[in-house]
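Fold and geometry: a report
So you can see what is in the structure, the chains are spelled out below.
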Amino acid sequence: PESIRAVGAMKEGRALRALERLELFLYRKAARVVSVTQSFKRNLVERGIDPAKIAVVTNGVDVARFKPRPKDADLVARYGLEGKFVAGYVGTHGMAHALETVLDAAKAFQDAGNDRFRFLLLGDGARKQALVERAGEMGLGNVIFVDSVPKDEVARYWSLIDVSVIHLRKTELFTTVIPSKLFECLGMGIPVLHGVAGESAEIVEREGVGLVFEPENAEALADGLARMEGGADLLATLRARCLAAAPTYD
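Residues numbered from 1 in each chain as written. Predicted model: local features only at pLDDT ≥ 70, side-chain atom pairs only at ≥ 80, totals over all residues. Heavy atoms only, no water.

Attention now goes to the layout of surface pockets. Once rolled over the atoms, a probe with the size of a water molecule shows which space is left empty. Quantified by volume, the largest pocket comes out at close to 650 Å³. Forming the walls of the largest pocket are 28 residues, and the residues nearest its centre are Glu2, Phe40, Asn43, Leu173 and Thr176. Counting only elements with at least two residues in the lining of the largest pocket, the list comes to α1 (2-7), α2 (14-29), β1 (33-35) and α3 (38-46). Of the residues forming the lining of the largest pocket, the biggest block, 6 residues, is contributed by α3. Tallied by class, the residues present in the lining of the largest pocket amount to 14 nonpolar, 7 polar and 7 charged. A volume near 310 Å³ is recorded for the second largest pocket. As for the second largest pocket, its lining consists of 18 residues, and the residues nearest its centre are Val90, Gly91, Thr92, Ser180 and Lys181. Secondary structure elements with two or more residues in the lining of the second largest pocket: β3 (85-90), α7 (154-158) and α8 (181-188). Residue composition of the lining of the second largest pocket, grouped by class: 8 nonpolar, 7 polar and 3 charged. (1 Å grid on protein atoms, 1.4 Å probe; cavity = no way out; pocket = protein on both sides within 12 Å on 5 of 7 lines; lining within 4 Å. Points joined across faces, edges and corners; volume = space filled by probe spheres on them. Helix = DSSP H or I, 4+ residues; strand = E, 2+ residues; numbered from the N terminus. Nonpolar A, V, L, I, M, F, W, Y, C, P; charged D, E, K, R; others polar.)

Quick look at a nonpolar patch on the surface now. A surface patch of nonpolar side chains, amounting to about 420 Å² of accessible area, comprises Met10, Leu19, Leu22, Phe25 and Leu26. A relative accessible area of 33% means that leucine 19 is categorised as partly exposed. (Patch = residues over 30% accessible without salt bridge, like charges linked within 9 Å, V, L, I, M, F, W, Y side chains within 5 Å. Areas by Shrake-Rupley, 256 points an atom, 1.4 Å probe, with all protein chains shown as cover. Salt bridge = Lys/Arg side-chain N within 4 Å of Asp/Glu carboxyl O. Buried < 20%, exposed > 50% of the residue type's maximum accessible area, 1.4 Å probe, protein only.)

Turning our attention to the pairing of strand β5 (residues 143-146). The sheet contact formed by strand β4 (residues 117-122) and β5 spans 4 bridges and is parallel. Residue pairing in the sheet places leucine 122 in a bridge with valine 146 of β5. Viewed along the sheet, the connection from β4 through helix α6 (residues 128-137) into β5 turns out right-handed. (Pairing = 2+ DSSP bridges. Right-handed = clockwise from strand over helix to strand, strands pointing away.)

Here you go:
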């Protein structure tokens, strides 16, 4: 229910309060609760749930499926990516993700006459059509939208990406989450530009697998991309650290 509140999908009222009562009832009655972040566990304990029955098991990556691979030549040709530096977002295009920030960063490069960058957004969600329309209104020629693909095809699209953009709205709740796509990036050896504060940013910084930027700050995102594109040694170091960290989250 707190996620519903954070993105403004429902107004405050009896319905949300009822959902929260149901939520706590289920936690209390459960014999075991599995939390995917330490932050979620702390939240549950603060709300009166017995810490002894809560286990933390983070999301992870199947390193047999997600591993380094050359850029898929057919897809490079299909999307005109030859010689381009590709910033990619793979996942839900929802209310929580504020992908307008990515469009604003893309516009900054286009307005500066910099045609080196391409922004690939793969997935679907509640905001997908609005984002496509906004990109059209902005006249963005450097943004490519791709609809969702079967899970066994996702690694082909990851291969196109030089830097993965991970982003959520700037709200307190999202400091407690760990986007699962982070782990797929580690497995693929793809450095991340991480626009999420909190526990997931701590992983990025601790493992040294990318750069953290302020959520909903398009200028900071563009600066990070320019820094990565212009720093071959930095990229090589980040890729190596991704692959070194991935087995920890297998």
